[in-house]
Amino acid sequence: MSHTAAPADSKTATRGGGNKPQHNKGKMSSAAIARRNFLHGVAFITPNFLGFVFLMLIPVCVLFYIANTRWSAFGSPVWTGITNWKRLLHDDVFKDAFWNTIYYSVVHIPLTLIIAFGLAVLLNSKLKGRAFFRTVAFFPYITSIVAVAQVWNMLFDAKTGVINQFLGIFTDNLPGWLGSTTWAMPAVIIVATWREAGYFMILLLAGLQTIPSELYEAAELDGANAWQRFWKVTVPCMRPTLFFVMVTLTIGSFKILDLTLVMTNGGPGTSTLVLAQYVYRVAFERSDFGYASTVSMVLFALCMIITLIQFWYNNAKEK
Amino acid sequence: MKLNRVFKAVAVASVLGLALTGCGGGGDSAASSGSDSFDKNAKTEITFAGWSLSSTPEFQTLADAFMAKYPNVKVNVKEYSADDYDKQLTADISSGSQPDVFPIKNLQKYYTYSQSGGLADLADIASTYKSDKNIDISNYELDGKYYAMPYRQDSWVLFYNKDMMEKAGVATPDGTWTWDDYTKAAEELKDKLPAAGYDANSVYPIYQHNWQSVVQAFALAQTGYKPDTNFFKAKFDYMKPFYQRALKWQDEKLTIDWNTSNTTSVQYQAQFGTQKAAMMPMGTWYAATLVKQQKSGDADQFTWGIAPIPQNPDSKTKSDKPVTFGDPTGLAVSSKATGQKLAAAKEFVKFCAGEGSAEALAKIATTPAYFSDNVAKTYFSVDGMATDDLTKQAWQEHDTKPENPVGEGSDTIISLLKDAHSSIMTETSNVNDALAKATQNIKDQGLVTE
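Counting restarts for each chain: residues are numbered from 1 in the order of the written sequence. Think of it this way: whatever chain is written first is A, whatever ligand is written first is 1, and the rest follow in order. Local features in a predicted model are, by the rule used here, given only for residues with pLDDT of at least 70; side-chain atom pairs are given and counted only at 80 or more, and totals for whole chains, interfaces and linings are based on all residues.

The name an unreviewed UniProt entry gives chain B is ABC transporter, solute-binding protein, with Bifidobacterium vansinderenii as the organism.

If you look chain A up in an unreviewed UniProt entry, it shows as ABC transporter permease from Bifidobacterium vansinderenii. UniProt positions are given in the numbering used here, feature names are shortened, and annotations may be inferred rather than shown by experiment. Comment text from UniProt for chain A, heading Sequence similarities (unreviewed entry), reads "Belongs to the binding-protein-dependent transport system permease family." As recorded by UniProt, the Subcellular location (unreviewed entry) comment attached to chain A reads in full: "Cell membrane".

If you want it as structure tokens, here you go:
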């Protein structure tokens, strides 16, 4: 490191190259700056990190252990090795719950995304009273889920419900909705989509408004039609927002619990039982916390894999 | 030791956190030293868990009655959530912070709790009541040990609306009915109620509530109650005739169908209380609600009565008392309590199981576990209570089997039978298939070994 403030060094000096404190009072050495920045960084991150460690990281690590034990929440867990994992393979209720979760996600994610995106594009245009319609679309998200489920349950009533009375105009072969093993899941998906589309619409709308209007003008001048403008301008510009929406939507769908709990309680039979509810049941109805942890590990792995795939795909597309 | 406790607390919190939010707070179980026999002059404070205190006066009633008898003992009632009581209690017991005295809501979780090490053995109290014919404590016996004592013993009876049945000209229950007689009366009501001025679209002869116990627990109790040879062996054939009857009632539209009842959360209180059903099997706790609702106007004014629950028409053995089911509600003492605190807690539990507290409970129309003539007199002097002889007989004389058999795996079996119940009653699966599936699932959980 140089010692004197030679003219040649004056440029680097501003970058903290090597000027001595006695020459430049109030300035710090690079090591001191690095240390200060580090401490400031740590100070900022500590509250959040501590919360994360104690409320998330440690419990999750403990969960890995409990998943291999037999434990009723009392006394100490008894290590049972892979017994719980073997049970999973023979557990028909678990299999039902697993496939129900996949079924729900596979239908719910694209449906919600399409509707939310459609609404966002529509309400981003210069529509009369669009503030009103935005509020209306967002409304379902802020209503109480228990109250909403009650109202929908009445609407879905196979005999006296409004939905079947309307469908009765067109067909005699009416679905049994919540009382039927075939139709209960579609009914749940309809309500979930209705509830969440508005929320994701707001997120997408925020994304749409960051797209510079010059891009559209340029595309228009080049003779692109509305459809081309959508695919060549809107979608690429929306990639970060879409990625965020996809990830939260996916994780939310795999973790669905509240809606099935209040609408159908997993029924009829096990036709709307999802993984999160199965975890809840095994843990709290059957006091089998070890096995419940095993099932929740599967749910965790499922969310993890799908999210990693999405990250990988997004990174590949960005390059 | 300490690390172990922290570990357990973290583990419970993690599982709770995954499925739910938060868990109950701690209580105090600070030990005090002293002799183990109860000294009524010693200043002692004990904590006592209860739920929904504003609408469930029984906990404060018990505490007040005890404090009136022993003024030096202070019973602090601690509020828990009614719906999440078992979850909160589980978290408390596993971290060793359970209250000194706490209720065991029903028998489903009793076995799990008894194995937790958090409950004190109450054998000395049991010896007081073992040979008392006014109270039945046998449901809490586990290999000669008792971890709880009953203070309430509700049992299922048949509620009926005398006005509706008399207007329609259908004979009211006479105490000898089987389920076939019940079905016949319901069919007759179906024909005659519209002519008596009741709306055929909204008024039904009976109301069959959507709980699994309304079919399954009657089946278990009325086929000889042999859980060790059928229930715990996952052999559910004994339920079949009971399910066939339940399906017949719903197919003939004698009751609101299960689906509607379940998806629209029909309140059984409203169904019977607003005269939408003329007969309804329900637990004796409903009498207190009905009395209260008739006073407040939430229920219509009509004359009602209680009859013994209809009996199994296929039963080979005749019991001298009507066989029904119902779980006792019990009180347990924390194993963390010591010295005078433990002695006071035990004395409190002993008091709650006895005649003194039974009368206090009867005064607020709650069915206690101790059925003496004095208690019956108090119960039926409650203003608004039905007082005919059949009602009194139905309330006092019955052979009540547990709703939930006590043993290892019972909560898992009950949980899987709940799925079967929903499949059968929505008629998405026939009785044989649904029960066979339940059997298979129970075997797959490793609960039944052959």
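Asks: How would you explain the overall build of chain A if you had to name every residue and give the values?
Replies: What counts as a helix is a DSSP run of H or I of at least four residues, what counts as a strand is a run of E of at least two, and both are numbered from the N terminus. Scanning chain A from N- to C-terminus turns up 14 helices and 2 strands. For this measure, only C-alpha atoms enter the radius of gyration; the expected value for a globule follows 2.2 Å times N^0.38, where N is the number of residues. Its C-alpha atoms give chain A a radius of gyration of 28 Å, more than 25% over the compact-globule value 20 Å for 319 residues. Judged by the C-alpha coordinates and their principal axes, chain A covers about 95 × 70 × 35 Å. Buried positions account for 31% of the 319 residues belonging to chain A. Taking all contacts inside chain A whose residues are at least 6 apart in sequence as the whole, residues at least 24 apart take part in 62%. Any residue with 12 or fewer other C-beta atoms within 10 Å of its own C-beta is exposed, any with 20 or more is buried, and the rest are partly exposed; the C-beta atoms used are placed from the backbone. Placing C-beta atoms from the backbone, we regard two residues as in contact once those atoms come within 7 Å.

Asks: Tell me what's going on with the nonpolar core, and back it up with residues and numbers.
Replies: For the purposes of this analysis, a nonpolar core is taken to be any set of buried Ala, Val, Leu, Ile, Met, Phe, Trp, Tyr and Cys residues that are connected through C-beta atoms within 7 Å. Among the nonpolar cores identified, the biggest contains 172 residues, and Met149(B), Phe159(B) and Val349(B) are the most heavily contacted of them. Setting aside anything within four residues of it in sequence, one finds Met149(B) in contact with Leu122(B), Ile125(B), Ile137(B), Tyr140(B), Gly330(B), Leu331(B), Val349(B) and Ala353(B). Judged by nonpolar contacts, the second largest core, of 14 residues, contains Ala116(A), Tyr199(A), Leu204(A) and Val245(A).

Asks: Quick one: what's the story with the packing of helix H11 (residues 239-254) of chain A against helix H14 (residues 289-318) of chain A, residue by residue and with numbers?
Replies: All names here are of chain A. Viewed as axis vectors pointing N to C, H11 and H14 meet at an angle of 170 degrees, and their least axial separation amounts to 10 Å. In terms of axis orientation, H11 runs roughly antiparallel to H14. On the side of H11, the interface is formed by Arg239, Phe243, Met246, Val247, Thr250, Ile251 and Phe254, while H14 contributes Leu299, Leu302, Cys303, Ile306, Thr307, Gln310, Asn314 and Lys317. Basically, the charged four are Asp, Glu, Lys and Arg, the nonpolar ten are Ala, Val, Leu, Ile, Met, Phe, Trp, Tyr, Cys and Pro, and anything else, Gly included, counts as polar. Residue classes in the contact of H11 with H14 are distributed as 9 nonpolar, 4 polar and 2 charged. Fitted lines through C-alpha atoms give the axes, limited to the stretch in contact for helices. The angle between two N-to-C directions lies from 0 to 180 degrees. Each angle receives one of four descriptions, namely roughly parallel if under 35 degrees, roughly antiparallel if over 145, roughly perpendicular if within 65 to 115, and oblique otherwise.

Asks: Could you give me a rundown of the interface of chain A and chain B, with the residues and numbers involved?
Replies: Residue-level contacts link 41 residues of chain A with 39 residues of chain B. No other element matches the 6 residues that helix H13 (residues 275-285) of chain A contributes to the side of chain A that touches chain B. Grouping the amino acids of the side of chain A that touches chain B by side-chain chemistry returns 18 nonpolar, 15 polar and 8 charged.

Asks: Lay out the pairing of strand S12 (residues 328-333) of chain B with the relevant residues and their values.
Replies: Residues and elements named next belong to chain B. Among the 6 residues of S12, 6 are classified as buried, and the element is accordingly described as predominantly covered. Of the two faces of S12, the one holding Pro328, Gly330 and Ala332 and the one holding Thr329, Leu331 and Val333 are both buried throughout. Strands qualify as paired when DSSP identifies two bridges or more between them. Summarising the sheet, strand S3 (residues 101-104) and S12 pair through 4 bridges and their orientation is antiparallel. Counterpart to Val101 in the pairing with S12 is Val333. Across 4 bridges, strand S6 (residues 149-153) lies against S12 in antiparallel orientation. Among the inter-strand pairings, Gln153 is bridged to a residue of S12, identified as Pro328.

Asks: Describe helix H9 (residues 213-221) of chain A, listing the residues and the values that go with them.
Replies: Counted residue by residue, H9(A) has 0 buried out of 9 residues, so it is predominantly exposed. Just downstream of H9(A) lies Gly223(A), where phi reads positive at about 90 degrees.

Asks: Explain helix H2 (residues 30-66) of chain A to me, and be specific about the residues and the numbers.
Replies: For H2(A), built from 37 residues, the straight-helix expectation of 54 Å at 1.5 Å per residue is missed by more than 12%, its first-to-last C-alpha distance being only 47 Å. Inspection of H2(A) places Pro59(A), Val62(A), Leu63(A) and Ile66(A) among the buried residues, and these make up the whole buried set. What a helix should span is 1.5 Å times the count of its residues minus one.

Asks: Hey, could you go over the UniProt feature "transmembrane region" (unreviewed entry) in chain A for me, with residue numbers and the actual values?
Replies: Residue and element names in this part refer to chain A. In this structure's numbering, the residues bearing the UniProt feature "transmembrane region" (unreviewed entry) are residues 38-67, 102-123, 135-156, 176-194, 242-263 and 289-313. What you have in residues 102-123 is 100% helix and 0% strand, and the ends, taken at the C-alpha atoms, are 31 Å apart. Annotation note: span residues 289-313, helix share 100%, strand share 0%, distance between end C-alpha atoms 36 Å.

Asks: I'd love a proper account of the sheet that holds strand S7 (residues 156-161) of chain B, names of residues and values included.
Replies: Residue and element names in this part refer to chain B. On the basis of which strands lie adjacent, the open sheet formed by 4 strands has the order S8-S9-S7-S10 and mixed pairing. The open sheet has two edge strands, strand S8 (204-206) and strand S10 (304-307), and neither has a second partner. Strand-to-strand twist of the sheet, defined as the mean angle between neighbouring strand axes without regard to direction, takes the value 30 degrees. Pairing analysis gives 4 bridges linking S7 to S10, with the strands arranged antiparallel. Each residue of the ladder has a partner; that of Asn161, found in S10, is Trp304. On top of the sheet, helix H7 (residues 179-192) reaches S8 and strand S9 (277-283); it is set at about 165 degrees to S8, its chief contact. Relative to S9, helix H12 (residues 285-296) is tilted by about 130 degrees, and along the sheet it contacts S7, S9 and S10.

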